[in-house]
Amino acid sequence: MTPLDHQKTAIISRRTVLHAGAGLLGSAVLPWSSLAAFAAEDKPAIGTWPTGSQGDTVYIGAAVPLTGTYALQGADELKGWQLAVEHINEGHALMKALAPKVDKGLLGKKVELLSADSVAKPNQAVEVEQNYINQNKIILMTGSTSSAVAVALNKFAQREKVLYVAGISGSNDTTGKDCVRYGFRQNFFGQTAAAAIGPVLLKQFGKGKKAAFMTPDYTYGHTVTKSVNDYLTSQGGWEMVTNQVSPLGTQDFSQYLTNIANSGAEFLINVNWGRDAVLSTQQAKQFGLLPNMKLVIPYQIPFLAKEVGAEITEGVFAATDFWWTQEDQYPLAKQFVEAFQAKFGYRPEWGAENSYVSFAHWARMVSEAGSFYPPDVIKQYEKGETIPSLLGDVHYRPEDHQCIRPVVIVRGKAKKDMKNDEDFWEVLEVVPGEGLMQKPDAFGCNLGDYT
Amino acid sequence: MINWANFISQCFNGLVLGALLALISSGLTIIYGTLGVLNLAHGAMFMLGGYAGWVAYTYTGSFLVAVVAGSLFVMIVGVVVERLIIRHFYTRPHEDQLLVTFGLGIVFVEAVRFFFGSMSQTVPPPGLLVGITNLGFMIYPTYRLALLGIVAVALVALYFVLYRTRIGMIVRAGIEDSVMVDSLGIDVYRIFMLVFGIGAMAAGFAGIVNAPVVSIAPDVGEAILVQTFVVVVIGGVGSFLGAIIGGLIAGEIISITSMFNPGYSYVVLFVAMTLVLVLRPHGLLGTAGRE
Amino acid sequence: MNIKRPFLVELLTAAALILAPFVLPHLGFSPSTINRILIWGLFGIGFDILFGYTGLLSFGQSAFYGTGGMFAAYLLTQTGFSYVMAAIVIGAAVAGVVGYVIGLIALRRTGIYFAMITVAIAEVFFFVEFNPLSAFTGGENGLPGVPTPVFDLGFKVFEFDTDWTMYTFLAFWYFVGIVIALRIVRSPVGAILSAIRDNPLRAAALGHNIHGYKLTAFVVAAIYAGFAGGLLGVMQGFMPPDAFMFDTSGQVVMQTAIGGAGTLFGPLVGATVWLYLSDFFQNTLHLGATWKLVLGIVFVLLVCFLRRGIVGAIVDLYGLSTGRKSAHPAQASAESAPFDPAAIAPIAPRRRGGAPASGPILEARGLTKRYGGIVANSDIAFAVDHGEIRGIIGPNGAGKSTFFKMLTCEVAPTSGQIMFEGRDITGTGVSDVCQLGLTKSYQINQLFDRLSVRRNLTIAALGEARGKFRLDLFRSLHGVPGLDEQVEHTAALVNLTARLDRPVSALAYGEKRRLEIGLALATSPSLLLLDEPLAGMSPRERVETVALLKSIARGRTMIIIDHDMDSLFELVGKVTVLQEGRVLVEGTPGEIKTNAKVQEAYLGGVHGEMA
């Protein structure tokens, strides 16, 4: 093949090759000699290492939906990452609490966040990241508000040997059957949500209830519905009277709601996500299903309450990753909410929280390992040490790279009880992560290689 | 086994959805029938109507003002777009018209996102129409019932404009034979501008009256556009009546199939379109005149 | 295309593909972007054959892109099938088969209807991929883990697992794709596709099965799309479900429009601009979510002001700068030289079938055509003998044109029967009739306006040379026996030799009129119908055209409609007079001139016309 092959070694920048590459021979000789220099150590070049961390600045690439249906959640996530990077670079107290060895940068280097629109599409996300790997030698990837993107980037991370921390991703598969050595997830997901909210529902409402499900017609939706339903039927003798499956991007839910209205359900368990959740919930209200039926949202959607209004979310049960009023119990959460609000003018939702924490955890692992070398960082994660998060201590499980963290159960407040215009939920319970999460091999995780 | 109460409710859902599709499609079809331009920005016009109405609503708190503002604003957008851009495309190939309206659609959607962000917005129905109505055999959201009436009135109004006014006669003549209208010495360009405005207004009106049902977001028009295509293909391009019948058929198909397996609603819809194409290539009420 | 330097385009393409990795990175393109550009470009080649060359704007190409890619990815990731190239080829073939079936439905209509139908069909594919077939396609997660190609040549193993090796792999296939596409557009099929784009009705009237050719273009586009889809999966090790989305179709359409449709390279250029700008807006200008707005505005402006896209503009600029040799001097000399068509050998009518060359060549019985309540033609009995030249006259609205349309089977009669050379042609199509040797020159010019005179005549002559439908996709036009001779011969007869390489749009009216006749003539008809061949001509042009008609009448049967009776009566042996859709009278010019009924029919209107 052509001498250009050696690009893959990532030892020298693309530009170097091409400057030399004006003459084919020149480029054929150069990369090999430089490779030899690095191969002398016991850490052969891998992914963007070491090129990506040789300058004064290391780059992180975020593929985040800024247009399209998940644009709202994407913009929120992006703010979380921006704040985290800012805190890493200035050595903010909150960051130092989460990652003590961070000191105005990471291992003496500034961190810079690059971001581009993924339109919530796997292909676009991979395209964006592939570019960043090529152009900027990014050492960390992030982004997703849908599990399709998370799964795609997981696989891409493993292929490119560049670390990936997931954005919002609710599918069991992300750290289940599609888990990878190079991918990590901080936030909760479908099965944990079901396991956390199920006991609360049984405690509150007792056994033998009838529930109608609304499920978006893709893998994520089906897995969450199954997780929730399995729990409720096996543990509480509940009955699924209907499961209304709607295509992604449905605008008018009237036909599904009509079916539910005629089903005799007492509970409406809405598994839809993003705009689908907003529209289906609003229309359930229009059809008079709410408040006659109790609405349960197993996987809370950032900004749902803001979009549909407190009249609808009043009394709704939801599981979430984080809610800002937890600042009263958790000092770190308080610092985060304040810093975020000061910078962006509103209180963060869990998308931003997940972004911030997953970056902080990554910064911690890098600084503890004292190396950007990906296998070192991965092994640091895999030590499974107990580390702080905004909601107390957590740890990453070495078997599937899932963060074992609490799940927060919230109930919608009535408008009159709201202390400010963002005080939509009251926290009912913080369910500890240990024991909540399925066994690491339950969904067939096989992490793959380090190199 | 069929649950008859459910079946009747679903027929009703189909009627409401169908009426709305009919209104949007009729705008698309009269523009196409008269000007020969398929407006791929029609979905964006629908979205613009919702946003213009929402802005008016936040300032005045009146639903009526919102409806008027939404419709008028989109009409003005239509007239301006026709005057500044579409007019220069009448002599260019159909394909160029598709390209430019496709591009305009993107520009409108992203401009709205630029000004108003991605968060969805709600326009509540007027106080009288909040809540649900018990029809005896079923309960139904009051505003949706009203929506059926509102859309029906709009369709009748459109019918009167098309069939009972001088402009309407010229428009219909234009659908039959645009060359002939040309030779009658009528200022075709002015008529075209007006038709584009009226067609856009139909979408804008639908956009704002639908806003209390489906909250508005920048991407709200995209899905609607594909459905209106199906409606127009089923009904026959350029046929006002065809758009109405096509709309109702599409609405009923989507609703009734959802009783059995919602996942296949759209597949069945497209199969129906294919059947129409095979059996009646020009649509149920289309004429062979236009391609 | 360029005859003198037949492989120039291919050579330049190869050179550009070799140089690209050394040049583009300096302009800010990363290798993965360049790879994506190649895939979009390859996807777009097929789309350009469909849209730019055949004039069919499909918004449903994502269906084939996705189908090809998913099928290949499924084979490679789920079935243990390990031959990457074979999987891609199978995927492309599946996309082609799917394209054939979809084409049967979508091509029932053209233009805007076609565009809408393709949108709808692509949506169905998306739904089907996403749900009913999610067990095979991975639903919203797509299919990760698509392997990269490896070729073991025994002495060396080629593995395309890095960006630049992948580039060589993709560039090779792009090159193959463009070479094949160039062969196709330079083939007889390519010529007919561009004829369909410019004037489908005339293309059909010249004896081509346009539905068959459209379907061909559709399938070719589907195969290209499927192949590109397969490459996408291999390139990024992941076959995404969003390949099926409407946005994918929209993007290939926009990129082709930006780059320039009908150029084959347009999609590649368009993809380059598109990917470059989206990267530039987001990562250099940091526009955030606004990038799409700006890109949308850029697109609208380009469509408004650069009608033929970037490649088209470059071609135009090149044309301007080299100062395209003006044909004016040649024109002057051509006009001044006396032209005598009779001095040129006639084009012999083709003998098809074994019918005797005597007696009636065409016979119509009881021919009636009603449009709703209006009777255009009523119970016409009409016969023309071999070698005859027949004139048809009648006042406006007498039904002459409708009568012609029925004879050429453009419209089916409501009742009655038409016999041509002893066979019943009632209800057959215009293309079949042309193949049998009956064709017409039109009252209003029906030319292929964007093509050269040579290409126009070539398209006409191809009908005779190749029959109604033939898939000689890879044959050069010059490889069609007798084609060039026929074209040049016809051009000489209609005095357009000096104009052969000019576009039709640059011709004077009289010249277009002659080309109109030339198109009909180039099919070597045994029966030629001429609908008002003299319409709109100056007196001098009429004289010339009458001489031309006399010359082409040698050995051929002709029927001529015209209002210029002096000229007509000079040409024809017998005249049929139509009035109010019926045959009023038939006779020699002398008889007709003095016929009382005819006098009355014409004098009933205005005096002038019988002169």
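On a predicted model such as this, the values are computed, not experimentally measured, just so you know.

Trainee: Help me get a handle on the overall build of chain C, residues and values and all.
Mentor: Counting its regular elements, chain C contains 24 helices and 14 strands. Across its three principal directions, the C-alpha atoms of chain C cover 90 × 55 × 50 Å. A separation of at least 24 residues holds for 74% of the contacts in chain C among residues at least 6 apart in sequence. Of the roughly 22600 Å² of accessible surface on chain C, 62% is carried by carbon and sulfur atoms. Of the side-chain charges in chain C, 48 are positive and 46 negative, and the distance between the mean point of each set is 3 Å.

Trainee: Lay out the side chain of C:Thr54 with the relevant residues and their values.
Mentor: All names here are of chain C. Assignment of secondary structure puts threonine 54 in the loop between helix 2 (31-53) and helix 3 (62-78). Using a relative accessible area of 2% as the deciding quantity, one classes threonine 54 as buried. Within the structure, threonine 54 has its side chain in polar contact with the backbone oxygen of isoleucine 49 (distance 2.7 Å). Leaving out residues up to four positions away in the same chain, threonine 54 has contacts with Ile49, Leu193, Ile196, Arg197, Lys214 and Ala217.

Trainee: So what's going on with the interface of chain C and chain A? Which residues, and what values?
Mentor: In this assembly, 47 residues from chain C lie in contact with 44 residues from chain A. Carbon and sulfur atoms supply 56% of the area that chain C and chain A bury against each other, a total of about 3800 Å² over both sides. The largest per-residue losses of area from chain C upon contact with chain A belong to C:Phe22, C:Glu140 and C:Trp164, which jointly make up 15% of the total buried on that side. Counting across the chain C and chain A interface gives two salt bridges. The salt bridge involving A:Lys121 is made with C:Asp247; its shortest N-O contact spans 2.5 Å. Scanning the region where chain C abuts chain A turns up 14 residue pairs in polar contact (both at pLDDT 80 or more). When contributions to the side of chain C that touches chain A are tallied by element, the ones reaching two or more residues are helix 1 (8-23), helix 2, helix 5 (111-130), helix 7 (163-186), helix 10 (210-236), helix 12 (266-284) and helix 13 (291-305) of chain C. Its residues placed into classes, the side of chain C that touches chain A shows 21 nonpolar, 17 polar and nine charged.

Trainee: Requested: an account of the UniProt feature "transmembrane region" (unreviewed entry) in chain B, with residues and values cited.
Mentor: Residues and elements named next belong to chain B. Feature annotation in UniProt places "transmembrane region" (unreviewed entry) on residues 12-33, 63-86, 98-116, 143-162, 188-209, 229-251 and 263-282, given in this structure's numbering. Structurally, residues 12-33 is divided into 100% helix and 0% strand, and its ends, taken at the C-alpha atoms, are 30 Å apart. Its end C-alpha atoms 31 Å apart, residues 188-209 is made of 100% helix and 0% strand.

Trainee: Now, about the interface of chain B and chain A: what can you tell me, with residues and values included?
Mentor: Listed as interface residues are 35 residues of chain B and, on the opposing side, 29 residues of chain A. Both faces combined, the contact of chain B with chain A buries some 2400 Å², and carbon together with sulfur accounts for 51% of it. Scanning the region where chain B abuts chain A turns up one salt bridge. Of the charged contacts, one joins A:Asp252 and B:Arg144 as a salt bridge, the two residues approaching to 3.2 Å between their closest N and O atoms. Viewed at the interface, chain A and chain B are joined by 18 residue pairs in polar contact (both at pLDDT 80 or more). The element contributing the most residues to the side of chain B that touches chain A is helix 1 (residues 4-35) of chain B, with six residues. When the residues that make up the side of chain B that touches chain A are grouped by side-chain class, the tally is 18 nonpolar, 13 polar and four charged.

Trainee: Tell me what's going on with helix 12 of chain C, and back it up with residues and numbers.
Mentor: Residues and elements named next belong to chain C. For helix 12, with 19 residues, the first-to-last C-alpha span of 25 Å sits near the 27 Å given by 1.5 Å per residue. Buried residues of helix 12: Gly266, Pro267, Leu268, Gly270, Ala271, Trp274, Leu275, Leu277, Ser278, Phe281 and Gln282, and no others. Immediately downstream of helix 12, the backbone of histidine 286 shows phi near 50 degrees, a positive value.

Trainee: Would you mind going over the sheet that holds strand 2 (residues 110-117) of chain A in detail, with residue names and values included?
Mentor: Residues and elements named next belong to chain A. On the basis of which strands lie adjacent, the open sheet formed by five strands has the order 2-1-3-4-5 and parallel pairing. The sheet is open, and its two borders are formed by strand 2 and strand 5 (183-184), each paired with just one other strand. Taken strand by strand, helix 5 (residues 122-136) contacts strand 1 (57-64), strand 2 and strand 3 (140-143), and its axis lies near 165 degrees from that of strand 1.

Definitions and cut-offs
- What you see as residue numbers is a count from 1 along each chain, following the sequence as written.
- A letter from A marks each chain and a number from 1 marks each ligand, given out in the order of writing.
- A pLDDT threshold of at least 70 governs which residues receive local features in this predicted model, and a stricter bar of 80 or more applies before side-chain atom pairs are shown or counted, although totals over entire chains, interfaces and linings include all residues.
- Processing note: side-chain calculations cover all non-hydrogen atoms of the structure and skip hydrogens and water entirely.
- For the purposes of this entry, the term helix denotes a DSSP run of H or I that reaches at least four residues, the term strand denotes a run of E that reaches at least two, and both are numbered from the N terminus.
- Any two residues having at least one pair of non-hydrogen atoms within 4.5 Å are treated as being in contact.
- In this description, accessible areas are obtained by the Shrake-Rupley approach with a 1.4 Å probe, and a residue is regarded as covered only by the protein chains that are shown.
- Only four residue types enter the charge count: Lys and Arg as positive, Asp and Glu as negative, with His and the chain ends excluded.
- Taken as the charge centre is NZ of Lys, CZ of Arg, CG of Asp or CD of Glu, depending on the residue.
- Burial classes: relative accessible area under 20% of the type maximum marks a residue as buried, over 50% as exposed, and values in between as partly exposed (1.4 Å probe, protein chains only).
- Pairs of N or O atoms within 3.5 Å make up the polar contacts considered here, provided that, within protein, one atom can donate a hydrogen while the other can accept it, and that residues adjacent in sequence are counted only when both atoms are side-chain atoms.
- In short, buried area is how much 1.4 Å probe accessible area vanishes from two parts on joining, totalled over both.
- Criterion for a salt bridge: a side-chain nitrogen of Lys or Arg within 4 Å of a carboxyl oxygen of Asp or Glu.
- Under the scheme applied here, ten amino acids are nonpolar (Ala, Val, Leu, Ile, Met, Phe, Trp, Tyr, Cys and Pro), four are charged (Asp, Glu, Lys and Arg), and all others, including Gly, are polar.
- UniProt positions are given in the numbering used here, feature names are shortened, and annotations may be inferred rather than shown by experiment.
- Each residue after the first adds 1.5 Å to the expected span of a helix.
- Pairing between strands is defined by DSSP: at least two bridges between the two strands are required.
- For helices, the fitted line uses only the C-alpha atoms of the stretch in contact; every axis is such a line through C-alpha atoms, and the angle between N-to-C directions lies from 0 to 180 degrees.

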